[in-house]
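Coordinate analysis (summary)
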Amino acid sequence: MPHHIVIMLAAGIGIPVLAALNAALGRYIGSPAVAAAVLFVVAFAVSALVALATHPQAVTKLATAPKHLFLAGTLVAFYVLAITWIAPTMGVGNAVFFVLLGQLISAAVIDHFGLFTAQTSPLTLTRTAGIALMAIGVFVTQKA
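Anyway, here's the lowdown on the structure attached to this text. Nothing here was measured: the structure is a model prediction, and the numbers come from that model.

Of note, Asn 22 is situated in helix H1 (residues 2-29). Classification of Asn 22 as buried rests on a relative accessible area of 5%. One polar contact links Asn 22 to Thr 84, side chain to side chain, over a distance of 2.9 Å. Aside from chain neighbours lying at most four places away, what touches Asn 22 is Ala 35, Ala 36, Leu 39, Val 80 and Thr 84.

This next bit is on the packing of H1 against helix H4 (residues 71-90). Running from amino to carboxyl end, H1 crosses H4 at an angle of 70°, the nearest separation of the two axes being 8 Å. As the angle between them shows, H1 and H4 are arranged roughly perpendicular. For the element pair H1 and H4, the recorded crossing hand is right-handed. In this structure, H1 contributes Ile 15, Leu 18, Ala 19, Asn 22, Ala 23 and Arg 27 to the contact, and H4 contributes Tyr 79, Val 80, Ile 83, Thr 84, Ala 87 and Pro 88. Classifying every residue of the contact of H1 with H4 gives nine nonpolar, two polar and one charged.

The first and last C-alpha atoms of helix H2 (residues 32-54) sit 32 Å apart over 23 residues, in line with the 33 Å expected at 1.5 Å per residue. Of the positions making up H2, those classed as buried are Ala 35, Ala 36 and Leu 39.

Before going further, it helps to examine the pattern of salt bridges. Applying the stated criterion across every chain, the model contains one salt bridge. Here Arg 127 ties to Asp 111 by a salt bridge, and the two come within 2.9 Å at their closest N and O atoms. Taken together, the residues Arg 127 in helix H6 (residues 125-143) and Asp 111 in helix H5 (residues 92-113) connect sequence positions 16 residues apart. Judged by relative accessible area, which is 24%, Arg 127 ranks as partly exposed. Here Asp 111 falls in the partly exposed class, since its relative accessible area comes to 23%.

In this model, Phe 116 sits at a positive phi of 60°, which is unusual for a non-glycine residue. With respect to the element layout, Phe 116 can be found in the loop between H5 and H6. On the accessibility criterion, Phe 116 (65% relative accessible area) is exposed. The backbone of Thr 117 shows a phi angle near 65°, a positive value even though the residue is not glycine. Mapped onto the elements, Thr 117 comes out in the loop between H5 and H6.

Scanning all chains against the criterion turns up two aromatic pairs. Summarising the aromatic geometry, the rings of Phe 97 and Phe 98 are spaced 4.8 Å apart at their centres and angled 75° between planes, so their arrangement reads as edge-to-face. Chaining the aromatic ring pairs together yields one cluster made of Phe 97, Phe 98 and Phe 139.

Parameters and conventions
Residues numbered from 1 in each chain as written. Predicted model: local features only at pLDDT ≥ 70, side-chain atom pairs only at ≥ 80, totals over all residues. Heavy atoms only, no water. Helix = DSSP H or I, 4+ residues; strand = E, 2+ residues; numbered from the N terminus. Buried < 20%, exposed > 50% of the residue type's maximum accessible area, 1.4 Å probe, protein only. Polar contact = N/O pair within 3.5 Å; in protein donor to acceptor, adjacent residues only side chain to side chain. Contact = heavy atoms within 4.5 Å. Axes fitted to C-alpha atoms, helices over the stretch in contact; angles between N-to-C directions. Parallel < 35°, antiparallel > 145°, perpendicular 65-115°, else oblique. Left-handed = near helix turned anticlockwise from the far one by under 90°. Nonpolar A, V, L, I, M, F, W, Y, C, P; charged D, E, K, R; others polar. Expected span 1.5 Å × (residues − 1). Salt bridge = Lys/Arg side-chain N within 4 Å of Asp/Glu carboxyl O. Phe/Tyr/Trp six-rings, centres within 6.5 Å; stacked < 30°, edge-to-face > 60°.

In short, geometric facts, not functional conclusions.
Written as structure tokens, this is what we have:
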């Protein structure tokens, strides 16, 4: 389990870096959409290589996967396009603040109702207070 924490912490560190790099590319070439497309081409190539190297049998199951599960790709595209377009005007920190706030709210709802086959974790008063404290902490870091 500790290695999972390290991996997710690294992923969290990468989100603002991704936002800053892609926003800079979008400004440099004059198109957030083209910058996002470049990111997806690179991400697809890396993901495909890792998938084929580690789980080639899983690739063959794609044809039978429920179609609604592919919505995740649309959500990733929305995030990347949004952060690439908006971060240059409101700042990476402010943009990521709202992303984190959205993640806290969405994660709490998904866990509370066990949506998308997620493990159920009821939204108690204590958990709500913890989420609110996290949100306030992220807000304070942006105002300091």
